[in-house]
Each structure stands twice: as structure tokens, then as C-alpha cells.
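# Structure at a glance
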Amino acid sequence: TVVSVNSGNIGSNVVAEIPDPTGWSQIRTDARNPTGANTQKWAFGSTGDTRPNANGGPNSFYVFQYTDKNDATVADYRMIIKDDGNVGIGSNQPQSDFHVSESNTDTVPAFELEQLSTGDAAMQFSIGGDSYAIGIDNTDDDFKISYAATAGTAVLGTNTQMSIDSAGGFGVGS
């Protein structure tokens, strides 16, 4: 089933149900430049349980970008949510709750955590009875690792186990 919208609004509160006997349901964009050549193709959709050999596996939600703008069968999965809840970015087979994968030769980090206000740019790691926070403490701009004896309660800058300042100074237990 193909629904084509060339201009105008579809409307609000519209639900589009796209049944597909092949096991794929997707909505695809096909942007064209003024000469009519394809410039970008994206799709999002899901695989049903009748598609067990699909790249993301059965019952997955995906977002992908066509790598060959003239061939809708060649695509790079940008994000997938598997039926087990695992999320993959750059991977269509995430092996953990959140899996980021890239294959390139650049030196740009694959993940960035940015704080745009006065809070800390931090992450927390917890197990049974322990918790660590790691990141940049916005009160002094130092990189820190802080500890808490209760899971989920570590706060960056409280009970600091290690810190590195912007001049390269290193402190342990400070």
C-alpha cells in the first residue's frame, strides 16, 4: 500500500495503519532536488513476526537512511528498537540495553553528554549497594568520580574519589 502526499496537510489526529503481507510496515521519505534527482531517502517502520530474518530481527522498530539513493534495498540502520527493548544506534543487532556502534577512521567521540545549563555533565553507574557518578562538575569545571554507598544516589562533587582539573592536576580522595 502506498500513500503519497505531495503537498498540503494530512491533518491532526490522523492514524495511518499500513498493513503489509511481507512483514514490513514503513513510512519513507524521498526528497528530490529541483532537477528531480534523489537527494535523501529515510524510512521508519517496523518488522512484524513474519519477518524473522529481517536485519533487525522480528518485531523491531527502525529508522534507516538509504545509502544508495537510487536503490531502496541498500540502507544503513541509524536506530533500532528490538522487541526485547534493546536500542541500537549504528547497530541493527544491539547486544545490550543501549548499544552505540560506528565504523570509521575519525577521532570524534561516538558519544557526548552535554550540559547546557548550570548542572553537571555526568553519568551514574550503580550495582546492588554502590553507586558512582562520573563527569564534569560545573561548580569548578573539574572532571570527577564520586561515590555513594547506596545504589542510584551518587552525586558528582559529593564524596569525590578522584578529580582532574583543567591544568592537569590530579587528586585522589579529594
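Residues numbered from 1 in each chain as written. Predicted model: local features only at pLDDT ≥ 70, side-chain atom pairs only at ≥ 80, totals over all residues. Heavy atoms only, no water.

### Some remarks on unusual backbone geometry
Excluding glycine, most residues fall at negative phi; most peptide bonds, likewise, are trans. Unusually for a residue other than glycine, Asp141 sits at a positive phi of about 65°. Positioned with a positive phi, Asn159 is a non-glycine residue whose angle comes to about 55°. Here Asn159 shows up in the loop between strand E9 (142-148) and strand E10 (160-164). (Helix = DSSP H or I, 4+ residues; strand = E, 2+ residues; numbered from the N terminus.)

### Description of the packing of aromatic side chains
Enumeration over the complete set of coordinates arrives at 1 aromatic pair. Between Tyr132 and Tyr147 the ring centres are 5.0 Å apart and the planes differ by 55°, which places this aromatic pair in the tilted class. Here Tyr147 lies in strand E9 and Tyr132 lies in strand E8 (residues 130-137), a separation of 15 residues in the sequence. (Phe/Tyr/Trp six-rings, centres within 6.5 Å; stacked < 30°, edge-to-face > 60°.)

### Re the nonpolar core
Judged by nonpolar contacts, Ala43, Tyr62, Phe64, Tyr77 and Ile80 together constitute the single largest core of 5 residues. Within the residue set of this core, elements represented by two or more residues are strand E3 (61-66) and strand E4 (75-81). (Core = buried A, V, L, I, M, F, W, Y, C linked by side-chain atoms within 4.5 Å. Buried < 20%, exposed > 50% of the residue type's maximum accessible area, 1.4 Å probe, protein only.)

### Considerations on the sheet that holds E10
Within a sheet, neighbouring strands are paired by backbone hydrogen bonds and run either parallel or antiparallel to one another. Within the open sheet, the 5 strands sit side by side as E7-E8-E9-E10-E11. Their pairing is antiparallel. The open sheet is flanked by strand E7 (121-127) and strand E11 (170-172), the only strands paired with a single partner. Within the sheet, the average angular offset between the axes of one strand and its neighbour, ignoring direction, is 10°. Relative to E11, E10 runs antiparallel, the two sharing 3 bridges. Within E11, the position partnered with Ser163 by the bridge is Gly171. (Pairing = 2+ DSSP bridges. Axes fitted to C-alpha atoms, helices over the stretch in contact; angles between N-to-C directions.)

### Quick word on the pairing of E8
Taken residue by residue, a regular strand's side chains alternate between the two faces of the sheet. Examined bridge by bridge, E7 and E8 share 7 bridges and lie antiparallel to one another. Residue pairing for E8: Ala122 is matched across the bridge by Gly135. Counting the residues that bridge the hairpin from E7 to E8 gives 2 residues. In this antiparallel pair of consecutive strands, E8 and E9, the connection spans 4 residues, and Asp141 shows a positive phi of 65°.

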